[in-house]
Amino acid sequence: MTTYITTPIYYVNAQPHLGHAYTTIVADTYNRFRRLTGDTVRFQTGTDEHGDKIAEAAEKEGCSPKEYVDRISAMFRSTWPLLDVEPDNFIRTTDKDHVATVQAILQQVYDKGDIYFDKYTGLYCTGCERFLTEKELEDGKCPDHQTVPDEITEENYFFRMSCYQQDLIDHINANPDFITPERYKNEVLSFLSEPLEDLCISRPTSRLTWGIPLPFDENFVTYVWFDALINYLTGAGYPDGKEFDDYWSAAEHVIAKDILKPHAIYWPTMILSMGLPLYKKLHVHGYWNVDETKMSKSIGNVIRPAELIEEYGVDSIRYFCLREMSFGLDASFSSDAIVSRKNSDLANDLGNLYSRTTAMLVKYTDGVVPALVGAGDDTVLSDLAGTVIEKYRKNMSVFQFHRALQAVWELIGQANKYIVTNEPWALVKEPARVARLHTVLYNLTETLRLLTLLLQPIMPGTCRKMAEGLGLAQDSPLVTDLSGNGAWGMLEAGTRLQKIDALFPRVDTKKKKKSVKQESKKKKKEKSCKNKQLSGNVEGVISFDQFQKVELRVAEIVTAEPVKKSDRLLKLTVRAPEERVIVAGIAEYYSPEDLLGMLVLIVANLQPVKLMGIESQGMVLAAKVEEDGKSRLVLSTVSASVPPGARVA
Ligand code: ME8
């Protein structure tokens, strides 16, 4: 199979922002996913460099349009590697071959009789670079730019778009996946239920010179949309590139809903006039909003990808974008949302699974993947992996990235539970159960291998690191080829793990949440002062009311580390559900990696105390077990199906 995926070519009247980054990450992810499944792929992005908007922006900056577009186009081009986005082609509409293709197509459509000269009066929106119909206006304004369009009367060239209206309707009805999600298909069909006007495709040089000259009239340049849409053909090698037919029949465009009409109406009617087959699919997503308003350069509320990468790291941003937005719907951007995804999904769930599993291998099997011995009946992870891969494939194929990721996180969650349930740290103490220990460790490591494979398109950098840690080459088919290696059990026993840094350093929310914390600390203090009154109990008996005041909660251990200069203490960060630090005297009985992900019981409303200079905000409950004259502590744990934070009544 072949895949040819494109993003819009972005206007160079402003620098790239998160909206552009999102579409481009989506296309890159889909491209990588298709490559993973064995497709021959081509991924194109680029810049749209002609038209009023660009001419105006250049004038504002006091430079020639060419100098201006070179500078901004280079900014777009250099942003993509920062996001680990790897297009095969970066097209510019000022490229010579593109200009030649546009002129050849104009001539062909003109010769066919589908372009004519006429006088036109219409409402022109400079923001959209097109005439708007009365029906499209809201309160007399363009809904996207909130500006009143100018009434312009001009002699111009027109494309007979209306001739292809019925063919387009028929095509959409016969191909339900042509425009997805369905809401956008319905929007287009509703628009097509009214007669289409023809499309003005020229601008007089008296008004605008920054455009591609019409081949049949030097007094006009080409309307920027007619020029821009053709980039998708130029990039596939039209008309006589060797691979043109293959790529074109596989063309899938990704856009946001702002440019639905040019892509779902202008573009297919142009293609029909050229006598070419229509593109395969149009994937339409919603907007990233900031405080309910579309992120946009004209509003000025933009978020720069480079700043986000600097603060959170590239893969956290890629993951956040794909997980947070349901493709097709709008999503809200906030740094709290990124921090929460990063700390919870990436550092706690994925990062901890990786570090615990690899740490246990290093400790228990000298860093070597053990062989599966008689594992026939332990299929919890292998069975789930099969279902997860199914769901992942299905959802990735239809751009439901958030669903694909939810499925992958089911596997991560299950694997974390599997550690807690199987307690490898207990198995290792029983020589008779070494085969069981090896089975558990193999299943966990194989899960990590499959996660590396599945997450490759979403977080390529992290997966390169994960592969390295698993002792596999970054391009090993075991982590880069879903067609043959999605099956369970491909990781070979004997593979030696390599040491790598933590996958996702946690974001320190302390500073950000200082004021919130101070407030809750005050409350805690008040509570614990009240609790002091509990101490007046008689002969160890407390009343029910007094017991009720002890706040017991289920907490998930998310980090654990030794306390310097103490053999006894471990510093734990727990989630219950808010995060807190608890210093516990259990270092003699548990090593830090054994604890990660464990669900324990804590006393949540104890007055904070300082232990070895660290403030401990609560106490972990443990049973004191007396054996052979010695005592040891065993943490009281709860079943993995209880959510962290649940109150123990
Ligand atoms: O329209 N949320 O270029 P453009 C999500 N040159 N995506 C957003 C977004 C937001 N808030 N803001 C922008 C043009 N985008 C034309 C395209 S194609 C032949 C010509 C993304 O620079 C989204 O992909 O205005 C949207 O469709 C595109 O940027 C518009 O980019």
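Just above sits the structure.
Residues numbered from 1 in each chain as written. Predicted model: local features only at pLDDT ≥ 70, side-chain atom pairs only at ≥ 80, totals over all residues. Heavy atoms only, no water.

1. Description of the site of the ligand
In step 1: The ligand sits among 25 residues. The nearest are I9, T23, D48, D258 and M295.
In step 2: Secondary structure elements with two or more residues in the shell around the ligand: β1 (2-11), α1 (18-36), α7 (224-229) and α8 (231-234).
In step 3: Split by residue class, the shell around the ligand holds 13 nonpolar, eight polar and four charged. (Near = heavy atom within 4 Å. Helix = DSSP H or I, 4+ residues; strand = E, 2+ residues; numbered from the N terminus. Nonpolar A, V, L, I, M, F, W, Y, C, P; charged D, E, K, R; others polar.)

2. Considerations on the side chain of H263
In step 1: Its location among the elements puts H263 in helix α10 (residues 260-274).
In step 2: H263 sits in the buried class, given a relative accessible area of 1%.
In step 3: In terms of polar contacts, H263 uses its side chain to reach the side chain of Y232, at 2.7 Å.
In step 4: When neighbours within four sequence positions are excluded, H263 is seen to be in contact with W225, L229, Y232, I255, P268, Y279 and L282. (Buried < 20%, exposed > 50% of the residue type's maximum accessible area, 1.4 Å probe, protein only. Polar contact = N/O pair within 3.5 Å; in protein donor to acceptor, adjacent residues only side chain to side chain. Contact = heavy atoms within 4.5 Å.)

3. Thoughts on the packing of α1 against helix α14 (residues 380-397)
In step 1: Viewed as axis vectors pointing N to C, α1 and α14 meet at an angle of 130°, and their least axial separation amounts to 10 Å. As summarised for this structure, α1 and α14 are arranged oblique, according to the angle between their axes. For the crossing formed where α1 meets α14, the hand is left-handed. Along the contact surface, α1 presents T29, Y30, F33, R34 and L36, while α14 presents Y392, R393, M396 and S397.
In step 2: A class-by-class count of the residues in the contact of α1 with α14 yields five nonpolar, two polar and two charged. (Axes fitted to C-alpha atoms, helices over the stretch in contact; angles between N-to-C directions. Parallel < 35°, antiparallel > 145°, perpendicular 65-115°, else oblique. Left-handed = near helix turned anticlockwise from the far one by under 90°.)

4. Description of the sheet that holds β1
In step 1: Strand order in the open sheet made by the six strands is β3-β2-β1-β12-β13-β7, with parallel pairing throughout. Of all the strands in the sheet, just β3 (89-92) and β7 (179-180) have a single pairing partner and so form its edges.
In step 2: Here β1 pairs with strand β2 (residues 40-48) via eight bridges, running parallel. Its bridge partner being in β2, Y11 is matched across the sheet by D48. (Pairing = 2+ DSSP bridges.)

5. Quick look at the packing of aromatic side chains
In step 1: One pass over the structure, following the stated rule, counts 30 aromatic pairs.
In step 2: Counting every residue linked through ring pairs, the aromatic cluster contains Y110, F117, Y157, F216 and F220.
In step 3: Lying over the aromatic face of Y247, R42 brings its terminal NZ or CZ to 5.7 Å of the ring centre.
In step 4: Just above the ring of Y124 sits the side chain of R207; from NZ or CZ to the centre is 5.4 Å. (Phe/Tyr/Trp six-rings, centres within 6.5 Å; stacked < 30°, edge-to-face > 60°. Lys NZ or Arg CZ within 6 Å of the ring centre and 35° of its normal.)

6. Examining the pairing of strand β4 (residues 115-125)
In regular strands, side chains alternate between the two faces of the sheet.
In step 1: Relative to strand β6 (residues 150-159), β4 runs antiparallel, the two being bridged by ten bridges. In the strand pairing of β6, K119 is matched with E155.
In step 2: Examined bridge by bridge, β4 and strand β5 (residues 130-132) share three bridges and lie antiparallel to one another. Considered in β5, the bridge of L123 is made with L132.
In step 3: The loop that links β4 with its antiparallel partner β5 comprises four residues; one of these, E129, has a positive phi angle of about 55°.

7. Focus on the sheet that holds β4
In step 1: Read across the open sheet, the four strands follow the order β5-β4-β6-β8; overall the sheet is antiparallel. Bordering the open sheet on either side are β5 and β8 (199-200), each of which pairs with just one other strand.

8. Here we look at the pattern of salt bridges
In step 1: Taken as a whole, this structure holds 29 salt bridges when the rule is applied.
In step 2: Put simply, K66 and D70 hold a salt bridge, and the shortest N to O gap is 2.8 Å. Residue K66 and its partner D70 are located together in helix α3 (residues 65-82), separated by four residues, close to a single helical turn.
In step 3: Residue classification places K66 among the partly exposed positions, given a relative accessible area of 40%.
In step 4: Between E551 and R553 there is a salt bridge whose closest N-O contact spans 2.7 Å. Considered together, E551 and R553 belong to a single accessibility category, that of buried residues.
In step 5: Each of the salt bridges in this network shares a partner with another, and the network as a whole consists of D28, R32, D84, E86, R318 and R464. (Salt bridge = Lys/Arg side-chain N within 4 Å of Asp/Glu carboxyl O.)

9. Considerations on the nonpolar core
Generally speaking, nonpolar side chains in soluble globular proteins are found buried as a group.
In step 1: Ranked by size, the top nonpolar core spans 178 residues in total, and within it W248 and W267 carry the most contacts.
In step 2: Aside from chain neighbours lying at most four places away, what touches W267 is L229, I230, Y232, L233, W248, H253, P262, M274 and Y279.
In step 3: Counting six residues, the second-largest nonpolar core is a separate cluster that includes C125, L132, L137 and C142. (Core = buried A, V, L, I, M, F, W, Y, C linked by side-chain atoms within 4.5 Å.)

10. Focus: the environment of C128
In step 1: Considering the arrangement of structural elements, one finds C128 in the loop between β4 and β5.
In step 2: What makes C128 buried here is its relative accessible area of 13%.
In step 3: Spatially, the C-alpha atoms of C128 and P149 are 9.8 Å apart, while their sequence positions differ by 21 residues.
In step 4: Those residues within four positions of C128 in sequence are excluded, and the remaining contacts are Y11, C142, H145 and W225.

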